[in-house]
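Structure assessment
Here's the letter readout for the chains.
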Amino acid sequence: MKTSFAKTLFATLLLSALLPLQSGDTAPRKKDRGQEVPAVNALLEPQQLPETIEIGLSTETIAIASNFNGTNLTIFGALDNADPLIRRQARYDIIVVLEGPQRNLVVREKSRYLGVWVNADSETFQSVPLSYSLASTRPLQDITDERTYRQLSLGVNYFSLSPEYGTLTDPNTIRFAQELRELKSRQGIYTQNVGSVEFVSQTLFRATLALSANVPVGRHKARALLFRHGVFIGEATSHLNIVKAGLEQQIFEAAHQYSLAYGLFAVFLAGLTGWIGQVLFRKD
């Protein structure tokens, strides 16, 4: 009797252990942090990578001599991971900027006093680019809005000007800032060329910037900004060095490295020139 009961109990326990193995899902599973996960994961769907932009300059150094009357700078670039549909629709826009070295500039207003023009009010702006050249695929108003341009400090009328005193909302500061932009534009130092950025292939583009004869010497920063349907995607940067060459460079270095000797020599040369002129044009 006891032996029969034991056999029945053993058969019941064995049947209970075998029942889970007879369920519909017989694939092996692994546990991860207390949860069962399939042993073979499903393949992830491919995703479109974000677009990126790269640029390169036709030259990294421009030497200025006495006969320098301006030149053109070519900037080449490429788009990576460009969307074929957006590319065919020509909805990618590129803006290229070359910013000169930054200095503090003082803008002065002249006023007539007792028949003489004298300096009246003035405003000092900090870290102002001495030159600014911009090229774009289309007119700026067709690419994106003013708010985006101000956030990116992009464009002659939108890049940031920081006053030494006061705020940007002060009417007097706004007036002087606008006058600074217009003055530099009249001198040909601040320029904007619409349509001078062109695509030479599906993903390669080229921009041409005209540098004036009075372009400042120093380290310039080149920026290329990519827009898609008016939305800023990203930018790439590079640098250009503009240096003096020949006798001008030697005089420039001497004036900065040996300032005292240079000043004394300038005074001596001025006196010598005056004395020679007096001797040559002396009347008996």
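Computed from a predicted structure; not experimentally measured. Numbering of residues starts from 1 in each chain and follows the order in which that chain's sequence is written. Only residues with pLDDT of at least 70 are given local features in this predicted model, and only at 80 or more are side-chain atom pairs given and counted; all residues enter the totals for whole chains, interfaces and linings. Side-chain calculation: all heavy atoms of the structure are included, whereas hydrogens and water are not.

1. Regarding the packing of aromatic side chains
Stacked, edge-to-face and tilted labels apply to pairs of Phe, Tyr and Trp rings (six-membered ring for Trp) whose centres lie within 6.5 Å, assigned for plane angles under 30 degrees, over 60, and everything in between, in that order. What the rule picks out here adds up to 6 aromatic pairs. Between Tyr-149 and Tyr-158 the ring centres are 5.5 Å apart and the planes differ by 20 degrees, which places this aromatic pair in the stacked class. Residue Tyr-149 shares its accessibility class with Tyr-158, and that shared class is buried. Grouped by ring-pair contacts, the aromatic residues Tyr-132, Phe-159 and Tyr-190 constitute a single cluster. Criterion for a charge above a ring: Arg CZ or Lys NZ at most 6 Å from the ring centre, at most 35 degrees from the ring normal. Its end group placed over the ring of Phe-159, Arg-181 keeps NZ or CZ at 4.9 Å from the ring centre. Buried, partly exposed and exposed residues are distinguished by accessible area as a fraction of the type maximum, computed with a 1.4 Å probe on protein chains only: under 20%, between the cut-offs, and over 50%, respectively.

2. Details of unusual backbone geometry
Positive phi outside glycine occurs at Asn-81, with the angle close to 60 degrees. Locating Asn-81 in the fold gives a position in the loop between strand S5 (71–80) and helix H2 (84–88). Assessed through its relative accessible area of 34%, Asn-81 is described here as partly exposed. At Ser-127, a position not held by glycine, the phi torsion is positive, near 50 degrees. Comment: elements are numbered from the N terminus, with helices defined as DSSP H or I runs of at least four residues and strands as E runs of at least two. Checked against the element boundaries, Ser-127 lands in strand S8 (residues 116–129).

3. Remarks on the pairing of S5
Strand residues, when the strand is regular, have side chains that alternate between the two faces of the sheet. If DSSP finds at least two bridges between two strands, the strands pair. The pairing of strand S3 (residues 52–57) with S5 spans 6 bridges and is classified as antiparallel. By the bridge assignment, Thr-52 is partnered in S5 with Asp-80. As paired elements, S5 and strand S13 (residues 204–211) share 8 bridges and run antiparallel to each other. Residue Ile-75 lies in a different strand from S13, and its bridge partner there is Ala-207.

4. Section: the UniProt feature "transmembrane region" (unreviewed entry) in the protein chain
UniProt positions are given in the numbering used here, feature names are shortened, and annotations may be inferred rather than shown by experiment. The sites that carry the UniProt feature "transmembrane region" (unreviewed entry) are, in the present numbering, residues 260–281. Helix makes up 95% of residues 260–281 and strand makes up 0%, while its end C-alpha atoms are separated by 32 Å.

5. What to know about helix H4 (residues 171–186)
By this rule the span expected of a helix is its residue count minus one, scaled by 1.5 Å. Between its first and last C-alpha, H4 extends 23 Å over 16 residues, near the 22 Å set by a 1.5 Å rise per residue. If you check which residues of H4 are buried, you get Thr-173, Phe-176, Ala-177, Leu-180, Arg-181 and Lys-184. Seen along its axis, H4 keeps its buried residues to an arc of 140 degrees; they face one direction. Exposed side chains of H4 directed beyond 90 degrees from the buried face belong to Pro-171 and Arg-186. Directions from the helix axis toward the C-beta atoms define the arc.

6. Considering the sheet that holds strand S9 (residues 132–136)
Pairing is mixed across the open sheet formed by 6 strands, whose spatial order is S4-S15-S14-S6-S9-S11. On the outer flanks of this sheet lie strand S4 (61–64) and strand S11 (190–194), each paired with one strand and no other. Adjacent strand axes in the sheet meet at a mean angle of 20 degrees when their direction is disregarded. The sheet contact formed by S9 and S11 spans 5 bridges and is parallel. Following the sheet pairing, Ser-136 is matched in S11 by Val-194. Lines fitted to C-alpha atoms define the axes, with helix axes restricted to the stretch in contact, and inter-axis angles between N-to-C directions lie between 0 and 180 degrees.

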